[in-house]
Amino acid sequence: MSATGYTPDEIMTVTAARHLRDRAVCFVGIGLPSAACNLARMTHAPRLVLIYESGTVGARPAVLPLSIGDGELAETATSIVPLPEIFAHYLQRGRVDVGFLGAAQIDRYGNLNSTVIGDYAHPKVRLPGAGGASEIATYAREVLVIMKQTPRSFVAQLDFLTSAGYLTGCGARAASGSPGAGPRAVITDFGVLRPHSETEELELAALYPGIGVDAARAATGWPLKVAAHIETLPAPEPDALAVLRDLEARTREAHARPIRINLRN
Amino acid sequence: MSATGYTPDEIMTVTAARHLRDRAVCFVGIGLPSAACNLARMTHAPRLVLIYESGTVGARPAVLPLSIGDGELAETATSIVPLPEIFAHYLQRGRVDVGFLGAAQIDRYGNLNSTVIGDYAHPKVRLPGAGGASEIATYAREVLVIMKQTPRSFVAQLDFLTSAGYLTGCGARAASGSPGAGPRAVITDFGVLRPHSETEELELAALYPGIGVDAARAATGWPLKVAAHIETLPAPEPDALAVLRDLEARTREAHARPIRINLRN
Amino acid sequence: MALLPLNEAIATCVNDGDAVALEGFTHLIPFAAGHEIIRLGRRNLHLIRMTPDLIYDQLIGMGCATRLTFSWGGNPGVGSLHRLRDAVERQWPQPLALTEFSHAELALAYQAGASGMSCGLMPHYADTDLARVPGASLRTVRCPFTGRLLTAVPAVNPDVTILHAQQIDAEGNVLIRGIVGAAREAALAARRVLVTVEERVERLAADLNAVVLPSWLISAASIVPGGAYPSYAQGYYPRDNRFYLAWDEIARDRRTFTAWMERHVLGMPDHAALLRALGVAA
Amino acid sequence: MALLPLNEAIATCVNDGDAVALEGFTHLIPFAAGHEIIRLGRRNLHLIRMTPDLIYDQLIGMGCATRLTFSWGGNPGVGSLHRLRDAVERQWPQPLALTEFSHAELALAYQAGASGMSCGLMPHYADTDLARVPGASLRTVRCPFTGRLLTAVPAVNPDVTILHAQQIDAEGNVLIRGIVGAAREAALAARRVLVTVEERVERLAADLNAVVLPSWLISAASIVPGGAYPSYAQGYYPRDNRFYLAWDEIARDRRTFTAWMERHVLGMPDHAALLRALGVAA
């Protein structure tokens with residue numbers, strides 16, 4: 001951080017936030033996606049609509065939630081709906097513009113694994129599982145993936161396919177009838193990968209300042225292709241960084257507050 | 001009325017109310033069923049649970065609603081749920097003990113027509129249609145039918161089968177898998193018809209004071225069978241009549257109140 | 001969401017030939033919007049509504065509709081809808097094709113439409129005659145787990161759903177309070193959503209679990225106080241049960257019906273004028 | 001509805017071998033009830049929950065469960081559920097059979113259960129590997145209208161669903177305020193419903209459209225202030241995010257886990273004592 005003036009998490013968050021246009025409807029996951037969406041909402045996209053799978057539609061949290069259903073989300077939402085309706089009436093009905101996903105593994109076609117490392121019946125690592133990811137991957141008009149790039153997570157072969165990206169590429173996803181367009185960008189700690197317009201294989205499309213193509217290739221478990229023109233992304237704007245750090249400081253403070261429960265009765 | 005001290009509607013309502021045990025969950029229709037349920041709730045069955053298909057669960061109206069969704073029902077309900085849930089989560093799930101039905105026609109097996117008189121495509125009389133009746137007839141643990149008895153309404157052959165009673169009798173309903181027991185009583189302005197334990201054909205089981213078997217037979221469009229022992233039903237208790245008349249007077253007064261709408265804006 | 005005068009909102013959202021659902025179960029029936037459809041002379045509409053109520057009796061009698069999808073077509077607690085009957089029994093003023101469901105079926109059809117599904121399922125027992133009429137749209141499938149027969153109901157997705165509600169806030173979010181019927185499902189199933197409201201407020205008087213439609217689901221909104229009359233708006237004014245009783249007489253006869261509509265709907269510039277003419281506006 | 005002390009309510013409603021759903025999505029997770037199940041030493045349970053959360057990590061680690069139906073098994077915002085992982089990866093303290101869904105599928109399964117249906121439907125697109133694992137319970141049917149493939153999800157009907165809620169009134173009606181998740185569907189799908197509440201009031205502080213479970217749907221209820229801690233009860237106390245972070249360390253190791261459970265759950269007479277021991281009771 002000292003060298004660049006920002007952390008990898010910070011530039012990933014700011015880069016993800018830049019992908020969000022005002023008034024888009026986002027299905028938000030916890031962690032970096034939630035930070036990116038709220039940063040966008042607090043800067044260039046004040047009318048961004050945040051839907052968390054807990055059923056909070058239009059949440060405007062002042063501090064970041066630790067869980068997908070913190071009280072802060074309920075208190076600031078336009079509407080709270082039962083969880084079956086969030087999936088049926090919003091996601092499945094095609095009301096979500098942007099879905100965010102992370103995973104333990106991604107392959108060159110943007111398919112994701114968040115279920116197991118190793119064999120399903122005898123896993124080496126049991127991961128949390130699908131949650132909302134499978135349907136976000138299918139139905140969101142477009143998907144943004146946010147993941148740190150390592151050879152262990154960017155793999156030639158997934159151990160398990162939890163959420164569909166472009167499947168085997170070359171139009172396989174469209175042929176499956178999937179309503180959403182799939183992962184339009186994979187935002188990593190090196191830069192951004194995007195699908196090739198025909199093969200749909202992810203290729204390196206943009207890098208953060210001071211990061212080279214070879215470093216990104218070395219962090220990828222398959223022979224990473226590089227786009228015809230690689231963009232160099234800007235460093236985080238000081239204003240955006242200030243808003244993000246302020247948000248995270250407020251969040252740390254809020255989460256550190258001791259709980260007191262009144263045992264009436 | 002002068003001869004007996006009560007009207008046919010009144011003795012029908014009081015008789016229907018007597019069929020309701022405390023704490024039963026009733027799916028209530030408008031008109032006599034609603035009057036009967038509320039009379040029961042205001043007399044011997046204070047914990048009767050009234051569900052109206054508008055989605056009001058546990059309504060306790062002080063005046064009778066004209067429509068199935070008057071504001072009085074919403075204001076006094078334990079819970080208001082969306083209409084799809086009233087049918088799926090309550091009726092279809094088997095949570096309703098007693099359903100009430102009326103109709104334009106009934107046949108000897110308690111099947112009901114509320115759709116058309118004449119041919120469906122070219123009806124002589126277009127009736128309102130099924131509404132909630134088909135599913136009430138199928139799912140309520142038992143059904144009470146309330147109808148005035150005339151040869152035109154108690155018919156040998158329905159013009160249209162809207163709601164299943166015992167179908168063709170002799171266990172046909174049970175064979176269809178229908179979860180509810182079917183119409184256990186048909187309360188008319190002559191008395192009460194009940195299904196025979198084997199054939200399931202409706203037979204005259206009880207008469208109001210002063211009414212004879214022949215009169216009931218003459219009001220029926222098929223050769224009405226008579227139970228081995230015909231019960232003579234009691235006249236309405238003065239207390240019940242007083243509560244009912246009071247309820248109806250309050251209702252008339254409430255419905256006559258002029259509406260005033262404030263055109264702010 | 002565009003905030004427009006009602007005539008502009010209807011002109012924008014409702015086209016000749018559209019499938020139109022004016023929902024609200026007894027409560028919050030959008031009468032003002034229905035009258036505006038009549039004033040604008042829309043034709044060839046496919047009307048969809050669980051309970052056609054008086055507003056569809058009026059639209060049908062005025063010749064706006066050639067098709068009706070419904071589940072209970074009466075005047076609640078009173079009797080017949082005479083204009084609906086006249087259209088079905090004697091094709092006046094024109095024939096009306098029917099697609100008929102039970103309440104549970106049509107509620108499921110809206111729910112399927114709101115969920116992006118082509119159909120919804122319910123258990124299947126003995127067929128009633130409703131499954132056998134011309135135009136019946138139910139089918140059956142076998143449950144792949146139990147092998148039992150299930151009824152499949154096709155999704156209903158209106159071109160436009162019109163609702164009346166209590167409040168709209170500065171951002172265009174809409175609050176529905178009280179009996180909600182299948183209004184939400186009908187709105188979420190539709191391609192366009194038009195809402196009339198009693199009033200505009202800075203911030204909705206809404207509990208955490210209130211029924212609120214977010215502004216971005218709404219195509220257009222109009223502020224129409226009394227817009228549900230003679231139906232009602234919980235917290236604003238009660239149902240005019242006397243009008244429902246009076247309608248039975250007005251609508252029984254073609255001539256008195258037409259005269260009433262010409263004087264009270266076609267002859268009035270807007271809903272406020274109608275409410276004043278009926279003596280209910282304070 | 002019977003109002004009982006929590007240990008009696010659990011003893012009455014939860015049997016060895018039962019399929020048990022403790023629901024509440026992040027909000028209103030019934031921790032006190034889960035701890036009482038552990039104290040009573042229930043065994044061979046089939047645990048059902050969208051997000052197993054810490055309470056199922058504890059039940060699994062204490063050997064109460066042999067089967068888990070779920071859709072996301074992590075410590076929200078923190079990482080793994082170490083006891084769940086240990087059971088799946090190394091069969092400690094015993095093997096744990098999994099039935100795994102996505103959130104949308106399990107929500108639909110509860111909804112089908114709540115509606116008396118044997119299955120629910122959703123659109124079908126490319127299979128993920130989840131459809132192919134041992135124990136996968138999804139099937140497909142063709143839409144009888146469009147011919148397109150649909151995914152059928154079997155209904156989930158727990159023997160008992162346990163919820164935590166804010167208030168119970170004099171008649172036994174229960175108010176849930178805030179994020180409701182699939183709590184209602186899980187309750188309506190169940191054979192028995194047990195509810196713990198923050199407090200008993202004469203009359204619920206409930207808006208017209210509040211989420212209220214009528215008393216006649218509830219088998220037993222207990223008044224347990226703080227009963228959702230370290231989850232939260234909107235309007236009463238917030239989620240203890242610090243505890244969720246701390247749990248990662250406590251549960252990572254079998255020994256520290258067991259010691260914590262022995263001291264804080266088995267070693268405490270009830271939930272109030274636990275809250276006092278943790279220093280959160282005021």
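Being a predicted model, the structure only gives us computed values, none of them experimental.

Analysis parameters
Residues numbered from 1 in each chain as written. Chains lettered and ligands numbered in written order. Predicted model: local features only at pLDDT ≥ 70, side-chain atom pairs only at ≥ 80, totals over all residues. Heavy atoms only, no water. Helix = DSSP H or I, 4+ residues; strand = E, 2+ residues; numbered from the N terminus. Rg over C-alpha atoms; globule rule 2.2 N^0.38 Å. Buried < 20%, exposed > 50% of the residue type's maximum accessible area, 1.4 Å probe, protein only. Contact = heavy atoms within 4.5 Å. Areas by Shrake-Rupley, 256 points an atom, 1.4 Å probe, with all protein chains shown as cover. Buried area = accessible area lost by both parts, 1.4 Å probe. Salt bridge = Lys/Arg side-chain N within 4 Å of Asp/Glu carboxyl O. Polar contact = N/O pair within 3.5 Å; in protein donor to acceptor, adjacent residues only side chain to side chain. Nonpolar A, V, L, I, M, F, W, Y, C, P; charged D, E, K, R; others polar. Pairing = 2+ DSSP bridges. Axes fitted to C-alpha atoms, helices over the stretch in contact; angles between N-to-C directions. Arc of directions from axis to C-beta. Parallel < 35°, antiparallel > 145°, perpendicular 65-115°, else oblique. Left-handed = near helix turned anticlockwise from the far one by under 90°. Domains from an automatic or database assignment. pLDDT = per-residue confidence, 0-100. Right-handed = clockwise from strand over helix to strand, strands pointing away. Phe/Tyr/Trp six-rings, centres within 6.5 Å; stacked < 30°, edge-to-face > 60°.

Engineer: Sorry if this is basic, but what is going on with the overall build of chain A here?
Structural biologist: A count of helices and strands for chain A gives eight helices and 14 strands. Taking 265 residues into account, the globule formula puts the C-alpha radius of gyration at 18 Å, and chain A, at 19 Å, falls close to it. The principal-axis extent of the C-alpha atoms belonging to chain A is close to 65 × 45 × 40 Å. Counting only residues that meet the buried cut, chain A has 61% of its 265 residues in that class. Considering only intrachain contacts with a sequence separation of at least 6, the fraction spanning at least 24 residues in chain A is 64%. Entry remark: accessible area of chain A is about 9,800 Å², with carbon and sulfur atoms responsible for 53%.

Engineer: In this structure, what is going on with the overall build of chain C? I would like to understand it.
Structural biologist: A tally of helices and strands in chain C yields nine helices and 15 strands. For a compact globule of 282 residues, the expected C-alpha radius of gyration is about 19 Å, and chain C comes in at 19 Å, within 12% of that figure. Taken along its principal axes, the extent of the C-alpha atoms in chain C is 60 × 50 × 30 Å. Looking at the 282 residues of chain C, the share that counts as buried comes to 67%. Split by element, the accessible area of chain C, about 8,600 Å² in all, is 47% carbon and sulfur.

Engineer: Any chance you could explain unusual backbone geometry here in plain terms?
Structural biologist: Geometrically, the link from Trp92 of chain C to Pro93 of chain C is a cis peptide bond, its omega value of 0° lying close to zero. Even without glycine at this site, Arg23 of chain A takes up a positive phi of about 75°. Among the secondary structure elements, Arg23 of chain A is positioned in the loop between α1 (8-18) and β1 (25-28). Owing to a relative accessible area of 53%, Arg23 of chain A belongs among the exposed residues under this scheme.

Engineer: What exactly am I supposed to notice about the interface of chain C and chain B here?
Structural biologist: Interface size is often expressed as the accessible area that is lost when the parts come together. Taken together, the contact between chain C and chain B spans 63 residues of the former and 52 residues of the latter. In total, about 4,800 Å² of surface goes out of reach between chain C and chain B, with carbon and sulfur atoms giving 64% of it. Our count for the contact surface shared by chain C and chain B stands at one salt bridge. For the salt bridge of Glu100 of chain C with Arg126 of chain B, the shortest nitrogen-to-oxygen distance reads 2.5 Å. The tally of links between chain C and chain B comes to 17 residue pairs in polar contact (both at pLDDT 80 or more). Going through the elements one at a time, α4 (82-90), β7 (97-100), α5 (103-114), β8 (119-123), α6 (183-189), β13 (192-200), α7 (241-252) and α9 (271-277) of chain C are the ones with two or more residues in the side of chain C that touches chain B. Residue contributions to the side of chain C that touches chain B peak at five residues, all from α5 of chain C. A class-by-class count of the residues in the side of chain C that touches chain B yields 35 nonpolar, 15 polar and 13 charged.

Engineer: Is there a simple way to think about the pattern of salt bridges in this case?
Structural biologist: Where charged atoms from two side chains of opposite charge approach closely, those side chains can pair. All names here are of chain C. Per the counting criterion, the structure on display carries 48 salt bridges over all chains. Across the pair Asp248 and Arg252 runs a salt bridge, and its minimum N-O distance is 2.6 Å. In this pair, Asp248 and Arg252 both sit in helix α7, four residues apart, roughly one turn of the helix. For Arg252, a relative accessible area of 45% puts it in the partly exposed group.

Engineer: Would you mind showing me how to read the sheet that holds β1 of chain A here?
Structural biologist: Either a parallel or an antiparallel arrangement is found when strands of a sheet pair, and the pairing is made through backbone hydrogen bonds. All names here are of chain A. Read from one edge of the open sheet, ten strands run β4-β3-β2-β1-β5-β10-β11-β12-β13-β14, paired in mixed fashion. Two strands bound the open sheet, and with one partner strand each, they are β4 (79-80) and β14 (225-232). When strand β2 (residues 49-52) meets strand β3 (residues 56-57), the two strands line up antiparallel, connected through two bridges. For Ile51, the partnering residue across the bridge sits in β3 and is Val57. The strands touched by helix α2 (residues 32-42) are β1, β2, β5 (98-101) and β10 (142-146); relative to β2, the strand with the most contacts, the crossing angle is about 155°.

Engineer: Teacher, can you tell me more about helix α1 (residues 6-13) of chain C here?
Structural biologist: Along an α-helix, a turn takes 3.6 residues, which lines up residues three or four apart on a common side. Residues and elements named next belong to chain C. Within the span of α1, buried status applies to Leu6, Ala9, Ile10 and Cys13. Relative to the axis of α1, the buried residues are bounded by an arc of 95° and lie together on one face. Close packing links the buried residues of α1 with α2 (31-39), β11 (160-168), β13 and β15 (220-223).

Engineer: What exactly am I supposed to notice about the interface of chain A and chain D here?
Structural biologist: At the junction of the two partners, chain A supplies 52 residues and chain D supplies 63 residues. For the pair chain A and chain D, the two sides together bury roughly 4,700 Å², of which 64% comes from carbon and sulfur. Seen at the junction of chain A and chain D, the total is 17 residue pairs in polar contact (both at pLDDT 80 or more). Within the residue set of the side of chain A that touches chain D, elements represented by two or more residues are α3 (71-76), α4 (83-92), β9 (123-126), α5 (133-139) and α8 (238-256) of chain A. Its residues assigned to classes, the side of chain A that touches chain D comprises 24 nonpolar, 19 polar and nine charged.

Engineer: Sorry if this is basic, but what is going on with the packing of helix α1 (residues 8-18) of chain B against helix α8 (residues 238-256) of chain B here?
Structural biologist: Helix-helix packing: each pair is described by the crossing angle between the helix axes and the interaxial distance. All names here are of chain B. Interhelical geometry of α1 versus α8 gives an angle of 110° and a closest axis separation of 11 Å. It follows from the interaxial angle that α1 and α8 lie roughly perpendicular. Crossing hand, α1 versus α8: right-handed. For the pair formed by α1 and α8, the contact residues are Glu10, Thr13 and Val14 on the first element and Ala240, Leu241, Leu244 and Arg245 on the second. Partitioned by chemical class, the residues of the contact of α1 with α8 number four nonpolar, one polar and two charged.

Engineer: Can you help me understand the domain arrangement of chain C in this one?
Structural biologist: Entries for chain C in the domain assignment read domain 1 (2-101 + 157-257) and domain 2 (120-154). Taking only C-alpha atoms into account, the centre of domain 1 of chain C sits 29 Å from that of domain 2 of chain C.

Engineer: Would you explain helix α2 (residues 31-39) of chain D in this entry?
Structural biologist: All names here are of chain D. Judged by how many residues are buried, α2 sits mostly within the fold: nine of nine residues are covered. Of the positions making up α2, those classed as buried are Phe31, Ala32, Ala33, Gly34, His35, Glu36, Ile37, Ile38 and Arg39. Gly41 lies just past α2 and shows a positive phi near 65°.

Engineer: Even after reading the chapter, I still don't get the confidence of the model for chain C, so can you show me in this structure?
Structural biologist: Low pLDDT marks stretches whose predicted atomic positions should not be read closely. Here chain C averages 96 in pLDDT, while 100% of its residues score no lower than 70. Taken together, the chains of this predicted complex give a pTM of 0.98 and an interface ipTM of 0.97.

Engineer: Sorry, what's going on with the side chain of Glu89 of chain D here?
Structural biologist: Tracing the sequence through the fold places Glu89 of chain D in helix α4 (residues 82-90). In terms of polar contacts, Glu89 of chain D uses its side chain to reach the backbone amide nitrogen of Arg126 of chain A, at 2.6 Å. Not counting residues up to four positions away in its chain, the partners in contact with Glu89 of chain D are Pro123, Lys124, Val125 and Arg126 of chain A.

Engineer: Looking at this structure, I do not really get the packing of α1 of chain B against helix α2 (residues 32-42) of chain B. What am I missing?
Structural biologist: Residue and element names in this part refer to chain B. Orientation of α1 relative to α2, taken along the N-to-C sense of each, is 55°, at an axis distance of 8 Å. By the criterion of interaxial angle, the relationship of α1 to α2 is oblique. Pair α1 / α2 crosses with right-handed handedness. Here Asp9, Met12, Thr13, Val14, Ala16 and Ala17 of α1 lie close against α2, whose contacting residues are Leu32, Ala35, Ala36, Leu39 and Ala40. In terms of residue class, the contact of α1 with α2 is made up of nine nonpolar, one polar and one charged.

Engineer: Looking at this model, I keep getting lost on the pairing of strand β4 (residues 65-70) of chain D. Mind explaining?
Structural biologist: In the case of a regular strand, side chains alternate between the two sheet surfaces. All names here are of chain D. Pairing of strand β3 (residues 45-48) with β4 involves four bridges; the strand directions are parallel. Each residue of the ladder has a partner; that of Ile48, found in β4, is Thr69. Once you follow β3 into helix α3 (residues 53-61) and on to β4, the crossover reads as right-handed. Alignment of β4 against strand β7 (residues 97-100), held across four bridges, turns out to be parallel. Counterpart to Leu68 in the pairing with β7 is Leu98.

Engineer: Whenever I open this one, the packing of aromatic side chains confuses me. Can you help?
Structural biologist: The geometry of an aromatic ring pair comes down to the distance between the two centres and the angle between the two planes. As enumerated under the stated definition, the model contains 20 aromatic pairs over all chains in all. Relative to Phe87 of chain A, the ring of Phe27 of chain A has its centre 5.8 Å away and its plane inclined at 55°; by these criteria the two rings are tilted. Taken as a pair, Phe27 of chain A in strand β1 and Phe87 of chain A in helix α4 lie far apart in primary sequence, 60 residues in all. According to the relative accessible area criterion, Phe87 of chain A is buried, its value standing at 3%. What links up through ring pairs into an aromatic cluster is the set Tyr229, Phe243, Trp247, Phe257 and Trp260 of chain C.

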